[in-house]
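# Structural overview for review
Each chain, written out:
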Amino acid sequence: MIQVKNLCKSLTLGEQTLDILTGINLTVKAGESIAIVGKSGSGKSTLLSLLAGLDQASSGHILIHEQDLSAMNEDGRAAIRNKHVGFVFQNFQLLPHLSAVDNVMLPLELTGDKDALKKAKGWLEKVGLGDRLEHQPNQLSGGEQQRVAIARAFACEPDILFADEPTGNLDEHTGGTIEDLIFQLNAELGTTLILVTHDDELASKCKRQVHLEDGVLVEKEASTVGSV
């Protein structure tokens, strides 16, 4: 599903070069769940952005379905994202002026889906928000906003779901509910899940864990407790 070959990312600050990621190699199989863990500033979110085609590497290659993102322009990477990728972010990333159902409809409409409204309503019902269709984000709790974001992420039935600290802005109880929902829907659709988190308990629910230390990727032993 995903192959990463000698991936590097650096930034130039004045006369200095800051290495964020160095020599990353990673293979992710279809249907696999993998957690990328590490301390704040270790490069986790940067790696996720590169894998999703939201940012460009300084060198190296990222292949999704054997298509090399590094050889594509922004339009090409956007086409890959629209076809294969869903996102769940820590801060929800909902459009504030759109209702819940319109937020979920948006990616469906971008793909020309004629059943966008029906599918959006169905996904909101699936995540327990069938009675919140017309509510705008500021009328929803944090947990409800994340449910809308999850419905939006899964609406196009992506091959790959990227989740960046999906429970980071939620209390423990709400966060646990959201975690269960993500893994439940992921299992139902057989989606490949790549999750960034600093939460060891959440990471343990994935089949694999890799650890970023100062921009270098280290494979961790798979957890046998709570893995999905």
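Residues numbered from 1 in each chain as written. Predicted model: local features only at pLDDT ≥ 70, side-chain atom pairs only at ≥ 80, totals over all residues. Heavy atoms only, no water.

### Focus: the overall build of the protein
Secondary structure summary: the protein contains 7 helices and 10 strands in total. Computed over the C-alpha atoms, the radius of gyration of the protein is 17 Å, within 12% of the 17 Å expected from 2.2 N^0.38 for a compact globule of 228 residues. Oriented by its inertia axes, the alpha-carbon framework of the protein measures out at about 50 × 40 × 35 Å. Looking at the protein as a whole, 47% of its 228 residues are labelled buried. Of the contacts made within the protein by residues no fewer than 6 positions apart, 66% connect residues no fewer than 24 positions apart. Looking at the protein as shown, the accessible area adds up to about 11,300 Å², and 46% of this sits on carbon and sulfur atoms. Across the protein, the 20 positively charged side chains and the 32 negatively charged ones have centroids separated by 5 Å. (Helix = DSSP H or I, 4+ residues; strand = E, 2+ residues; numbered from the N terminus. Rg over C-alpha atoms; globule rule 2.2 N^0.38 Å. Buried < 20%, exposed > 50% of the residue type's maximum accessible area, 1.4 Å probe, protein only. Contact = heavy atoms within 4.5 Å. Areas by Shrake-Rupley, 256 points an atom, 1.4 Å probe, with all protein chains shown as cover. Lys, Arg positive; Asp, Glu negative; His and termini not counted. Charge placed at Lys NZ, Arg CZ, Asp CG, Glu CD.)

### Some remarks on the sheet that holds strand 1 (residues 2-13)
The 4 strands lie next to each other as 2-1-4-5, forming an open sheet whose pairing is antiparallel. Each of the sheet's edge strands pairs with one partner strand only, and the pair in question is strand 2 (16-28) and strand 5 (67-68). With 9 bridges joining them, strand 1 and strand 2 adopt antiparallel strand pairing. Opposite Ser 10, over in strand 2, you have Asp 19 as the bridge partner. This element, helix 1 (residues 44-51), spans strand 1, strand 2 and strand 4 (59-64) of the sheet and lies at about 120° to strand 1. (Pairing = 2+ DSSP bridges. Axes fitted to C-alpha atoms, helices over the stretch in contact; angles between N-to-C directions.)

### Description of a nonpolar patch on the surface
On the surface, a cluster of nonpolar side chains totalling about 270 Å² of accessible area is made up of Leu 11, Leu 13 and Leu 18. Along the chain, Leu 18 turns up in strand 2. (Patch = residues over 30% accessible without salt bridge, like charges linked within 9 Å, V, L, I, M, F, W, Y side chains within 5 Å. Salt bridge = Lys/Arg side-chain N within 4 Å of Asp/Glu carboxyl O.)

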